[in-house]
Amino acid sequence: MNTAEKQRIQAAFKEKMDYDELMNCTRCGFCLPSCPTYIETGRDEVHSPRGRIALMKGLVDGVIEPSDEVKKSIDMCLGCRACETVCPSGVKFGRLLEQARDAIYQSNKQSLPEKMLRGTFFNHVFPFQNRMIGLTGLLGFYQRSGAQKLARSIGVMKLFPESMQAMEKVLPQVPKKKTMKNRPQHVQPLAKKKKKVAFFTGCLMDTIFMQTNDATIKLLQYAGCEIVIPKTQNCCGALHGHSGEVAKAKEMAKKNIVAFEEAQVDYIITNAGGCGAFLVEYDHLLRDDPEWKERAEAFCRKIKDITAVLVELNFHKQALSMPDQIVTYQDSCHLKNGQKTFMEPRQLLESIDNVTYVEMKDASRCCGSAGIYNIVQSEMSMQILDYKMVQAQQTKAKTIVTANPGCLLQMKLGIEREGLSDQMQAVHIVDFLLEAYENANGIVSSQKEAAAAGMK
Amino acid sequence: MLAKELKAKLQDIVGAENVEDDNASLLAYSYDATARFQAMPDAMVAPRNKTEVAAIVKLCNDHRIPIIARGSGTNLCAGTTPASGGIVLTFKHMNRILEIDEENLTMTVEPGVFTKDIFDTAQEIGLFYPPDPGSMHISQIGGNISENSGGLRGLKYGVTRDYVLGLEVVLPNGEIIRTGGKLAKDVAGYDLTRLFVGSEGTLGVITEAILKLIPQPETKKTMLALYHNLDAAAETVSAIIANRIIPATLEFLDQATVKVVEDFAKIGLPTEAKAVLLIEQDGAPEVVERDAEKIVKLCKENHAFDVQIAKTDEQAEQLMTARRSALSALSRLKPTTILEDATVPRSQIPKMVKAITEIAEKYQVTICTFGHAGDGNLHPTCLTDARNTEEIALVEKAFAEIFEKAVALGGTITGEHGVGMMKLPYLHLKAGEAGIAAMQNIKKALDPNGIMNPGKMLAIAEKEKAGDLQ
Ligand SMILES: Cc1cc2nc3c(=O)[nH]c(=O)nc-3n(C[C@H](O)[C@H](O)[C@H](O)COP(=O)(O)OP(=O)(O)OC[C@H]3O[C@@H](n4cnc5c(N)ncnc54)[C@H](O)[C@@H]3O)c2cc1C
Ligand code: SF4
Ligand code: SF4
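Residues numbered from 1 in each chain as written. Chains lettered and ligands numbered in written order. Predicted model: local features only at pLDDT ≥ 70, side-chain atom pairs only at ≥ 80, totals over all residues. Heavy atoms only, no water.

What follows deals with the overall build of chain A. Secondary structure assignment for chain A yields 26 helices and 9 strands. Burial status across chain A gives 60% buried among its 456 residues. When contacts within chain A are restricted to residue pairs at least 6 apart in sequence, long-range pairs at least 24 apart make up 79% of them. Here chain A has roughly 18300 Å² of accessible surface; of this, 53% comes from carbon and sulfur atoms. (Helix = DSSP H or I, 4+ residues; strand = E, 2+ residues; numbered from the N terminus. Buried < 20%, exposed > 50% of the residue type's maximum accessible area, 1.4 Å probe, protein only. Contact = heavy atoms within 4.5 Å. Areas by Shrake-Rupley, 256 points an atom, 1.4 Å probe, with all protein chains shown as cover.)

Before going further, it helps to spend a moment on the overall build of chain B. What chain B contains, in helices and strands, is 15 helices and 18 strands. Taking 23 Å as the expected radius of gyration for a compact globule of 470 residues, we find that chain B reaches 22 Å, a close match to that expectation. Its C-alpha atoms give chain B principal-axis dimensions of roughly 70 × 60 × 40 Å. Relative to its 470 residues, chain B shows a buried fraction of 60%. Considering only contacts within chain B whose residues lie at least 6 apart along the sequence, 73% involve residues at least 24 apart. As displayed, chain B has an accessible area near 18500 Å², and 51% of this comes from carbon and sulfur atoms. Here chain B contributes 49 positive and 63 negative side-chain charges, whose respective centroids are spaced 2 Å apart. (Rg over C-alpha atoms; globule rule 2.2 N^0.38 Å. Lys, Arg positive; Asp, Glu negative; His and termini not counted. Charge placed at Lys NZ, Arg CZ, Asp CG, Glu CD.)

What follows is about the domain arrangement of chain B. Residues and elements named next belong to chain B. Looking at chain B, the domain boundaries give domain 1 (97-215), domain 2 (219-328) and domain 3 (330-408). With both chains or domains summed, domain 2 and domain 3 bury close to 1800 Å², and 62% of this area falls on carbon and sulfur atoms. Of all residues in domain 2, F252, V260 and L327 bury the most surface against domain 3, accounting for 28% of the area lost on that side. Between the two partners, domain 2 and domain 3, sit 1 salt bridge. (Domains from an automatic or database assignment. Buried area = accessible area lost by both parts, 1.4 Å probe. Salt bridge = Lys/Arg side-chain N within 4 Å of Asp/Glu carboxyl O.)

What follows concerns the interface of chain B and chain A. Reports often express the size of an interface as the amount of accessible area lost when the parts come together. Between chain B and chain A, the residue contacts involve 44 residues of the former and 37 residues of the latter. Here chain B meets chain A over a buried area of about 3000 Å², counting both sides, of which 55% is carbon and sulfur. On inspection of chain B and its partner chain A, the count reaches 2 salt bridges. Between chain B and chain A we count 16 residue pairs in polar contact (both at pLDDT 80 or more) in total. (Polar contact = N/O pair within 3.5 Å; in protein donor to acceptor, adjacent residues only side chain to side chain.)

Once that is clear, we can look at the domain arrangement of chain A. Residues and elements named next belong to chain A. Domain parsing of chain A yields domain 1 (3-105) and domain 2 (316-440). Measuring from the centre of the C-alpha atoms in domain 1 to the corresponding centre in domain 2 gives 29 Å. Across the contact, 14 residues belong to domain 1 and 16 residues belong to domain 2. For the pairing of domain 1 and domain 2, the buried interface totals around 1300 Å² over both sides, and the portion due to carbon and sulfur atoms is 59%. Run the count over domain 1 and domain 2 and you get 0 salt bridges. On inspection of domain 1 and its partner domain 2, the count reaches 4 residue pairs in polar contact (both at pLDDT 80 or more). Examining the composition of the side of domain 1 that touches domain 2, we find that 4 residues originate from one element, helix α3 (residues 36-40), more than from any other. The residue makeup of the side of domain 1 that touches domain 2, split by class, is 7 nonpolar, 4 polar and 3 charged. (Nonpolar A, V, L, I, M, F, W, Y, C, P; charged D, E, K, R; others polar.)

Moving on to the site of ligand 1. All names here are of chain B. Around ligand 1 lies a shell of 38 residues, among which A69, G71, T74, S135 and S149 are the nearest. The contact in question runs from an oxygen atom of ligand 1 to an N or O atom on the side chain of N453, over 3.5 Å. Mapping ligand 1 onto the cavity grids shows that it belongs to the largest cavity. Where the shell around ligand 1 is concerned, the elements lending two or more residues are β3 (67-70), α5 (141-147), β10 (205-212) and α12 (326-330). It is α5 that contributes the most residues to the shell around ligand 1, 5 residues altogether. (Near = heavy atom within 4 Å. 1 Å grid on protein atoms, 1.4 Å probe; cavity = no way out; pocket = protein on both sides within 12 Å on 5 of 7 lines; lining within 4 Å. Sits in = over half its atoms within 2 Å of the grid points.)

Following the criterion strictly, the structure yields 45 salt bridges over all chains and no others. Across the salt bridge formed by A:D362 and A:R365, the nearest N and O atoms sit 3.2 Å from each other. The exposure class of A:R365 is buried, given its relative accessible area of 14%. Among the ionic pairs, B:D162 bridges to B:R161, the shortest N-O distance being 3.9 Å. By relative accessible area, which is 33% here, B:R161 ends up partly exposed. Within the structure, one salt-bridge network assembled from shared partners comprises A:R81, A:E84, A:R95 and A:E281.

Residues and elements named next belong to chain A. Helix length check: helix α13 (residues 210-222), at 13 residues, gives a terminal C-alpha distance of 19 Å against a target of 18 Å (1.5 Å per residue), a fit within 8%. Here α13 lies mainly inside the structure; 10 of its 13 residues are buried. All of the buried residues in α13 are M210, T212, N213, A215, T216, I217, L219, L220, Q221 and Y222. Phi for G224, located one or two positions after α13, is positive at around 95 degrees. (Expected span 1.5 Å × (residues − 1).)

Moving on, we come to the packing of helix α5 (residues 68-76) of chain A against helix α7 (residues 93-105) of chain A. Packed helices, taken two at a time, are described by the angle between their axes plus the distance between the axes. Residue and element names in this part refer to chain A. Relative to each other, α5 and α7 sit at 135 degrees, their axes nearing to 10 Å. Judged on the interaxial angle alone, α7 and α5 are oblique. Read as a crossing pair, α5 and α7 show a hand that is left-handed. Here α5 contributes K71, I74 and D75 to the contact with α7, which in turn contributes L97, A100, R101, I104 and Y105. (Axes fitted to C-alpha atoms, helices over the stretch in contact; angles between N-to-C directions. Parallel < 35°, antiparallel > 145°, perpendicular 65-115°, else oblique. Left-handed = near helix turned anticlockwise from the far one by under 90°.)

Paired through backbone hydrogen bonds, the strands of a sheet run either parallel or antiparallel to each other. All names here are of chain B. Spatially, the 7 strands line up as an open sheet ordered β15-β12-β14-β13-β17-β18-β16, and their pairing is antiparallel. Strand pairing shows two members of the sheet lacking a second neighbour, β15 (304-309) and β16 (336-339), which therefore form its edges. Strand-to-strand twist of the sheet, defined as the mean angle between neighbouring strand axes without regard to direction, takes the value 20 degrees. Pairing of strand β17 (residues 366-372) with strand β18 (residues 377-384) involves 7 bridges; the strand directions are antiparallel. Bridge pairing links G371 to L378 in β18. Along the sheet face, helix α10 (residues 285-301) touches β12 (219-227), β14 (275-283) and β15 and points at about 5 degrees away from the line of β12. Across the sheet, helix α14 (residues 389-408) is in contact with β16, β17 and β18; its angle to β18 comes to roughly 165 degrees. (Pairing = 2+ DSSP bridges.)

With that settled, consider the packing of helix α1 (residues 4-14) of chain B against helix α3 (residues 50-63) of chain B. All names here are of chain B. In contact at an axis separation of 9 Å, α1 and α3 are set at 165 degrees when each is read in the N-to-C sense. Here α1 is positioned roughly antiparallel relative to α3, judged by the angle of their axes. Crossing of α1 against α3: the hand is right-handed. Contacts from L6, K9, L10, I13 and V14 of α1 reach α3 at E52, A55, I56, L59 and H63.

To continue, consider unusual backbone geometry. Residue and element names in this part refer to chain A. Of note, the phi angle at R27 is positive, near 60 degrees, even though the residue is not glycine. Residue placement: R27 occurs in the loop between α2 (19-24) and α3. The residue R43 is not glycine, and still its phi comes out positive at about 60 degrees. Inspection of the secondary structure assignment puts R43 in the loop between α3 and α4 (49-61). Classification of R43 by relative accessible area gives buried; the value is 14%.

One finds B:Y227 and B:L277 to be the most contacted residues of the largest nonpolar core, which totals 61 residues. Here this core takes 8 residues from α14(B), the largest share from any one element. With residues near it in sequence (within four places) discarded, B:L277 still touches B:M223, B:L224, B:A225, B:Y227, B:A233, B:T236, B:V237, B:L250, B:E251 and B:F252. One finds A:A12, A:F13, A:L32 and A:L59 within the second-largest nonpolar core, a separate group that totals 44 residues. (Core = buried A, V, L, I, M, F, W, Y, C linked by side-chain atoms within 4.5 Å.)

Right, here's the structure in full:
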């Protein structure tokens, strides 16, 4: 790191960090045992929450200079916020991390692959739903055309980090471009109407995981919801916010607020923990913008995860059944630590007939997916995943249920890496619940139908 | 900065991957849980076994380099801030439980084992390791032994000291000695085990410990007594003890503390009460039942307006966990929390509580009080802001007065957190000049070059150097 760059970063830290929040940390160390990187580095204080906060404060105070090691510590953080939940002092670590990354990345040169990733995805792909569709359309073409087989056999994928190579194998089959663009904007309930909700589709969810989104809408219908799906919504901005692209994130937040204000609903439903946790913090993101602050607060109050609304509407008391099996649940960090939703998914799973729910040890510890973490911090991510898979296997589960697309891919990746695909599967909770509901109520599987149609 | 050849020698001993001296590592080992103290070490070294520890200590002794043994850095006396630079030793590799001896009821551990793991491992086989400092899920046994840590069960079960049967220590000259053993009785020579317990890393490096385990109590009962004023709660503490009941836990929390703890834990604590006692009794069912009845009666006689009994084990555990978070939770109110642990004979608790309130008023500072009331160990905690130098000066005066009062009541300046750098200026109040001189002589005899955690506990003239106050 050269001197000019050091100066730039240090100045950015002084400008961007919330010093009061830094002071809030009493350095009691209570957060250390909950931090996956502290554990996986064999208790390295540099890679602990307390250490990271101290580094940030050290930079602001001028006690240390920016360095590659400091940057590495901030980079290696998963942003899982497990430390936040256990902190008795209430330190908002997630926010400190965002500020720190903003300070580093607004003034730092990244490595080439990372830059390409950030550059392309952040500015050009995620913000625009149709480009996202275009990109995943390409992925679908790649999968269907046989190019995937070709690429695998000539080993092009070896050029990418290990996690990405394996990831390539577990990516779901992408629906055809035409199907993706054809979503109704207003859907009526299939039971007695109890609530009017809007559905936040999410950029990644509505492309690669479109089937899960369809399942979410179906579940909401069965649960008695009238659903609005505003067309003008866009990506939540989480990936930008978590990676030092705050200005971009704000822009996207405003667009979403406008889109959902028009819908006039009781709740705004999400089915991706990562998006949800970012959406509920729009008020914080826009706190310095007097014009938007209140509107953001109103928006935030309405955000609810699909599992939370299902439990509120007593969906778990309906008939639900699956073939006999053991099921375990991997918490989504952001759903648990950001939205404080962790009982509901378990409650729902436990109420399915023939399902034996077995809690896995450290279920709430991050799986190592963490946005694009498994690509840019491949080694640490795989180390964390290995631990996770050991715990998952201990439960003897056939199905690992998750509540976030990133976690879902990571779990699929874990299963693939361990060579367990013949005995274990990973699914999104929404897909699992829909199947359980339709199974119990003798309804022809809407998912299989849709899948068949999409692939034609 | 570490000289090149020294670094190379250290790398030879422990392997290159176990010596860190980049600026991030130095900063990460520059602090502990004590507010306002920070100083940079020259390197962090992680030995893998006692032989490596001995080699490091020898090298440092030859070159007069300070060694700061560090557990998890949760001490509250600036015990691990490297005030004179030097090497921070961590025990991340020396973290194994070596043996559980069910015949002699002992557990042999390396210094880096987390306290909670010792407790859990014992519990799994129906045994009990009682010392439970509030920080137990992160503190390490090496740190506990060196601070002689107490906890929520000190009243009935004693403190860490009462569970250390033997130690293996690397002395400052690099020799390895073993003290005590799996013995209920042992009078062969000076009791070095007790000397090292609570020595704050100033006399040597602990590399192994034999701990005493006891049978698990059969049952327990946990309750909360609520009061309209502090005095009544304090009087109850004295009344319970005077009635010959020794509860396992007898904790005191004032209203401000209860409020912040509830804010964090959200378990429905009674925030309307001015003071709360958290009481737990354990043992044989009939004894617990009888004691609980008596305790409830005594609480009511001493004007508790309500006594609530935990209905399930989970509820009981929630209450204990909530109490453990008290100190950190207090920092929700103000940026800086400065906490002390003046301790008095338990009969003097009402007087001490009153004195603390008066002193806080006199200096116009905010002091919340909670603590292990049953063993006379209070934690008056001052809520302040390190950036406000005027207020900090007042806080220091207030604490000095609190220490004097505690000693005047037959108490001490610190019951369990240790002296470190923070209470070094007050040690004479308790130990007296002659007492300090005796301690200095012990220190000089074992560590003539003053390399072990210099600047802590005792001021040894030539080595003295204040930490960088922030
Ligand atoms: C929120 C909170 C609550 C707390 N509650 C309590 C409580 O209820 N009761 C209580 O007594 N304390 C309490 N403490 C204080 C602290 O946790 C204890 O002093 C604990 O024993 C420190 O353990 P550690 O592993 O963090 O040691 P450190 O803080 O790292 O070190 C403590 C001392 O031990 C020395 N040391 C560490 N390892 C070795 C070794 N192997 N050989 C020689 N010396 C060594 C260090 O040099 C230092 O002097 C609390 C602290 C916090 C932050
Ligand atoms: S638990 Fe909170 S206050 Fe304690 S060290 Fe971690 S972040 Fe700081
Ligand atoms: S966010 Fe997760 S990885 Fe980062 S410091 Fe907190 S617990 Fe550790």
